[in-house]
Amino acid sequence: QVQVLESGGGLVQAGDSLTLSCVASGRVFRVEDMAWYRQVPGNQRELVATIHRDGSTEYQEPVQGRFTISRDDAEKSAFLHRNSLKPEDTAIYFCKVAAKSEKRRPLADYWGLGTRVTVSS
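If you're wondering where the values come from, they're calculated on a predicted model, not measured in any experiment.

As for the overall build of the chain
Here's step 1: Within the chain, the secondary structure is distributed over zero helices and eleven strands.
Here's step 2: The order of α-helices and β-strands along the chain, N terminus first, is β-β-β-β-β-β-β-β-β-β-β.
Here's step 3: If you line up the chain on its principal axes, its C-alpha atoms span 50 × 25 × 25 Å.
Here's step 4: Counting all 121 residues of the chain, 39% fall into the buried class.
Here's step 5: The contacts of the chain with a sequence gap of at least 6 include a subset with a gap of at least 24, amounting to 55%.
Here's step 6: When the accessible surface of the chain is totalled, it reaches about 6600 Å², and 46% of it is carbon and sulfur.
Here's step 7: Looking at charge distribution, the chain has the averaged site of its 16 positive side-chain charges lying 7 Å from that of its 15 negative ones.

Right, dumping it as structure tokens:
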């Protein structure tokens, strides 16, 4: 089984920068896409950014130009570096990893439990 763990959340001020980390562990044969989502309590979880296995990236409009997603395949990790944080960036941030736990297993999505980020004005 694949486990996903996020870290790096906390309380910051508007305008600050912060980097979130995500690592996949356990039985991990191959990692494909890695993505960051965020969710404000009471709202739906929304996609923030995706990084594909080839390194190409996609960003949602609210974070474009401020957030940068990257990955380290050797460490089975993904990162979300965020500049110019705004109060509306306050949310629980989740990492989703598309991976195969074994060569013969199908690709599946694995989620972490999230890391909370609070941006004060």
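Next comes the rest of the account.
Side note on the nonpolar core
Here's step 1: Ranked by size, the top nonpolar core spans 28 residues in total, and within it C22, W36, V48, L80, Y93 and V97 carry the most contacts.
Here's step 2: Secondary-structure elements contributing two or more residues to this core are β1 (2-7), β3 (18-26), β4 (30-39), β5 (46-51), β7 (67-72), β8 (77-82), β9 (91-100) and β11 (115-120).
Here's step 3: When residues no more than four places from it in sequence are discounted, the contact partners of L80 are L18, T19, L20, W36, V48, A49, F67, T68, I69 and Y93.

Some words on the sheet that holds β7
Here's step 1: Within the open sheet, the four strands sit side by side as β1-β3-β8-β7. Their pairing is antiparallel. Every other strand in the sheet has two partners, leaving β1 and β7 as the edge strands with one partner each. The mean inter-strand angle of the sheet, taken between neighbouring strand axes irrespective of direction, is 15°.
Here's step 2: Judged from the six bridges that link them, β7 and β8 form a sheet pairing that is antiparallel. Considered in β8, the bridge of I69 is made with L80.

Digging into the environment of S120
Here's step 1: Of note, S120 is situated in strand β11.
Here's step 2: Among the residues examined, S120 registers a relative accessible area of 26% and is labelled partly exposed.
Here's step 3: The sequence separation of S120 and D16 amounts to 104 residues, and the corresponding C-alpha distance is 9.9 Å.
Here's step 4: Leaving out residues up to four positions away in the same chain, S120 has contacts with L11, V12, Q13 and A14.

Description of the state of the cysteines
Here's step 1: Going through the model one piece at a time under the given rule, you end up with one disulfide.
Here's step 2: Paired by a disulfide, C22 and C95 hold their sulfur atoms 2.1 Å apart. When the S-S torsion is -70°, as for the bridge of C22 with C95, the disulfide is left-handed. Of the two residues, C22 sits in strand β3 while C95 sits in strand β9, which places them 73 residues apart along the sequence. For the pair formed by C22 and C95, the shared burial category is buried.

What to know about the pattern of salt bridges
Here's step 1: Summed over all chains, the structure comprises eight salt bridges.
Here's step 2: Measuring nitrogen to oxygen at the nearest pair gives 2.9 Å for the salt bridge that ties R27 to E102. Here R27, found in the loop between β3 and β4, pairs with E102, found in the loop between β9 and β10 (108-111); they are 75 residues apart in sequence, far enough to count as distant.
Here's step 3: For E102, a relative accessible area of 18% gives the class buried.
Here's step 4: Linked by salt bridges that have partners in common, R38, E46, R66 and D89 make up one network.

The rules behind the values
Residues numbered from 1 in each chain as written. Predicted model: local features only at pLDDT ≥ 70, side-chain atom pairs only at ≥ 80, totals over all residues. Heavy atoms only, no water. Helix = DSSP H or I, 4+ residues; strand = E, 2+ residues; numbered from the N terminus. Buried < 20%, exposed > 50% of the residue type's maximum accessible area, 1.4 Å probe, protein only. Contact = heavy atoms within 4.5 Å. Areas by Shrake-Rupley, 256 points an atom, 1.4 Å probe, with all protein chains shown as cover. Lys, Arg positive; Asp, Glu negative; His and termini not counted. Charge placed at Lys NZ, Arg CZ, Asp CG, Glu CD. Core = buried A, V, L, I, M, F, W, Y, C linked by side-chain atoms within 4.5 Å. Pairing = 2+ DSSP bridges. Axes fitted to C-alpha atoms, helices over the stretch in contact; angles between N-to-C directions. Disulfide = S-S within 2.5 Å. Salt bridge = Lys/Arg side-chain N within 4 Å of Asp/Glu carboxyl O.

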